[in-house]
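Commentary on secondary and tertiary structure
This is what each chain is made of:
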Amino acid sequence: MATYSLTTPLTSEDTKQLKAGDTVLLNGTIFTARDAAHSRLVALIEEGKELPFDLEGSVIYFVGPTPPKPGDPIGSAGPTTSYRMDSFSPTMLKNGSKGMIGKGGRSQEVKDACVAYDGIYFGATGGAGALLGKQIKSAEVIAYPELGPEAVRKITVEDFPVTVVNDTEGNDLYQMGREQYEVKN
Amino acid sequence: MREIEFDVVVKAVRDMIMHCGTDLPQDTYDALEQAMEDEKSPVSKEVIRQLLENANIAKDEKRPLCQDTGLAVFFVNVGEEVRINGGLLRDAINQGTEQGYTDGFLRASTCEPFSRLNLKDTVGYNLPAIIHFDIVKGDKIDIEYAAKGGGSENVSRARVFPPAAGKDGIVNYVKEVISDAGGNPCPPITVGVGIGGTFEKAVISSKHALFRDLETTNPDPEMAELEERMLTEINNLGIGAMGMGGTKTALAVHIEANPCHIASLPVSVNVQCHSSRHTHITI
């Protein structure tokens, strides 16, 4: 299991070297979107309309942060559970997005889309919102402000720690890890 | 009849919400430290190390432990010899909740079920709080509070079994719920199991079981043994911290059992994430 430092936007060259279980420190711009924002973004794609940001090489972070304290760019900002985005993620990957950050398992369709479009599903530590929020150096709402914590934010991260869960070869860290430690009766 | 001022309750609730948002309770912190020591998987060990570091940062810098600062859930025991001066107890708890979430910069996660919009705005208005009242002897008010996150709530389930299902049926059901949940509820989790009563009694009992300090066991030896058995079987699933694979999937299993109908064996499984933010005060 290797450790990489990568800067967004990601390319296929970046993503294809990563294997389930690798640690990655992400740098650069990433975009936040949860349930409601995904629903709107995918509707725009299906209608052939322009998105509020360029999907090519983008990394999408499934997060709804707490309100920032005065002087901070953002509040606590750990990942939300990813399966709720399963119906949207293949469309995002097909249209150029290269990475997702969340927590918890994904559907077979998402794993297949990672293989087909050189995408990576990264896991961040759920519930480590204070720690992860500190790695976010700037944040700006760029779409859907009425959604509050679910608005789309453009954020800049430094050494944001994530683990490769689903890689471009179809491996799944959750399955691998569980098989290794399961005690069968 | 003892009188308690409305504003005293508001302030007490506000303070406990703000404290719980940033300061992981000692029992939870201790349980995570123990879990880090016991965990066999280096990947899960590292996750738990991050959780402890996160707790230290949150406490020192007064940042929310998690962006999911939960729905505010209360169990309130009201002494029969006490009354609130200046308003309703329910209103005081809701007002304290609003103040706590606003002043603590905590996320208001409450929304309407279909529009998905917050009922007012997204800072502070985490209302209505979920409040369970009971009347008890005495002239005090005891307020138990927990911040209940969505990820762990989403994997919770309840079912009414036929009595013949027995302990084995319940253990298998709990295992099935946790196995299906995998890493989604942010393990290492606490598992609240409500057994018996009616359907809703089992559910509320499973919620209340999560308010108990993590190191405690059920006072009934039979239930304590069942808690231990469930904990072992859950940890044998191999899910590990955040589902990365490991030997510590749960920190504790807490059972609350009630007498039930001769035809029924209700069971409810309510899950709390590793960030078990709970506390209580007596006024």
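Quick caveat, the model's predicted, so the values are computed rather than measured. Throughout, a residue's number is its position along its own chain's written sequence, starting from 1. Note on labels: chains are lettered from A, ligands numbered from 1, in written order. Confidence filtering applies because this is a predicted model: local features only for residues at pLDDT of at least 70, side-chain atom pairs given and counted only at 80 or more, and all residues used for totals across whole chains, interfaces and linings. Calculation of side-chain values draws on the structure's entire complement of heavy atoms; hydrogens and water are dropped beforehand.

To continue, consider a negative patch on the surface. Patches here: salt-bridge-free residues with over 30% relative accessible area, like charges joined within 9 Å, nonpolar side chains (Val, Leu, Ile, Met, Phe, Trp, Tyr) joined within 5 Å. Accessibility throughout is a Shrake-Rupley quantity obtained with a 1.4 Å probe, and a residue counts as covered only by protein chains that appear here. We count a salt bridge whenever a side-chain nitrogen from Lys or Arg sits within 4 Å of a carboxyl oxygen from Asp or Glu. Positive charges are assigned to Lys and Arg, negative charges to Asp and Glu, while His and the chain termini are left out of the count. In this description, the location of a charge corresponds to atom NZ of lysine, CZ of arginine, CG of aspartate or CD of glutamate. A grouping of B:D30, B:E33, B:E37, B:D38, B:D213 and B:E215 is seen on the molecular surface, where their side chains present a negatively charged patch. Put simply, DSSP marks the helices as runs of H or I at least four residues long and the strands as runs of E at least two long, and each gets a number from the N terminus on. Here B:D213 is to be found in the loop between α7 (199–209) and α8 (221–235).

For the rest of this paragraph, the subject is helix α4 (residues 108–116) of chain A. All names here are of chain A. Burial status follows relative accessibility: with a 1.4 Å probe on protein chains alone, a residue under 20% of its type maximum counts as buried, one over 50% as exposed, and anything between as partly exposed. Those residues of α4 that fall on the buried side of the exposure criterion are V110, K111, A113 and C114. Buried residues of α4 fall within an arc of 160 degrees about the axis and therefore sit on the same side. Seen from the buried face of α4, the exposed residues on the opposite side, beyond 90 degrees, are E109 and A116. Of the surrounding secondary structure, the elements contacted by the buried residues of α4 are α3 (89–94), β4 (99–102), β5 (120–123), β7 (152–166) and α6 (173–181). Looking at the residues trailing α4, positive phi occurs at D118, about 55 degrees. For this quantity, the arc is that covered by the directions from the helix axis to the C-beta atoms. Note on contacts: a residue pair is in contact if any heavy atoms of the two residues lie within 4.5 Å.

The next thing to look at is the sheet that holds strand β7 (residues 189–197) of chain B. Residues and elements named next belong to chain B. Pairing between strands is defined by DSSP: at least two bridges between them are needed. In spatial order, the strands read β6-β9-β7-β8; together these 4 strands make up an open sheet with mixed pairing. Of all strands in the sheet, those with a lone pairing partner are β6 (157–161) and β8 (250–260), marking the two edges. In this sheet, neighbouring strand axes are inclined to one another by 15 degrees on average, regardless of whether the strands run parallel or antiparallel. Where β7 lies against strand β9 (residues 265–272), 6 bridges are found, and the strand directions are antiparallel. Residue pairing across strands places T190 opposite Q272, the latter belonging to β9. Axes here refer to lines fitted to C-alpha atoms; in helices the fit is confined to the stretch in contact. Angles between the N-to-C directions go from 0 to 180 degrees. Across the sheet, helix α6 (residues 166–181) is in contact with β6, β7 and β9; its angle to β9 comes to roughly 30 degrees. Packing against the sheet, α7 makes contact with β6, β7, β8 and β9, and its axis sits at approximately 150 degrees to β7.

This next bit is on the pattern of salt bridges. Residues and elements named next belong to chain B. This structure, assessed with the given rule, holds 29 salt bridges over all chains. Between D23 and K62 there is a salt bridge, with its nearest N and O atoms 2.9 Å apart. With a gap of 39 residues between them, D23 in the loop between α1 (6–22) and α2 (26–38) and K62 in the loop between α3 (42–61) and β2 (71–79) connect regions that are remote in the sequence. Taking the relative accessible area as the measure of exposure, D23 reaches 8% and is therefore buried.

This brings us to the interface of chain B and chain A. At the junction of the two partners, chain B supplies 45 residues and chain A supplies 42 residues. We define buried area as the total accessible area lost by two parts upon association, computed with a 1.4 Å probe and summed across both. Carbon and sulfur atoms supply 56% of the area buried between chain B and chain A, which totals about 3500 Å² over both sides. Looking at the side of chain B facing chain A, the largest losses of area belong to B:Q67, B:F105 and B:M244, adding up to 20% of the total buried there. At the surface where chain B touches chain A, the tally comes to 2 salt bridges. Under this definition, polar contacts are N or O atom pairs within 3.5 Å; protein pairs additionally need one hydrogen-donor-capable and one acceptor-capable atom, and for neighbouring residues in sequence, both atoms have to be side-chain atoms. Linking chain B with chain A are 19 residue pairs in polar contact (both at pLDDT 80 or more). At the level of secondary structure, the elements contributing two or more residues to the side of chain B that touches chain A comprise α3 and α6 of chain B. Nonpolar residues are Ala, Val, Leu, Ile, Met, Phe, Trp, Tyr, Cys and Pro. Charged residues are Asp, Glu, Lys and Arg, and all others, Gly as well, are polar. Along the lines of polarity and charge, the residues of the side of chain B that touches chain A split into 18 nonpolar, 19 polar and 8 charged.

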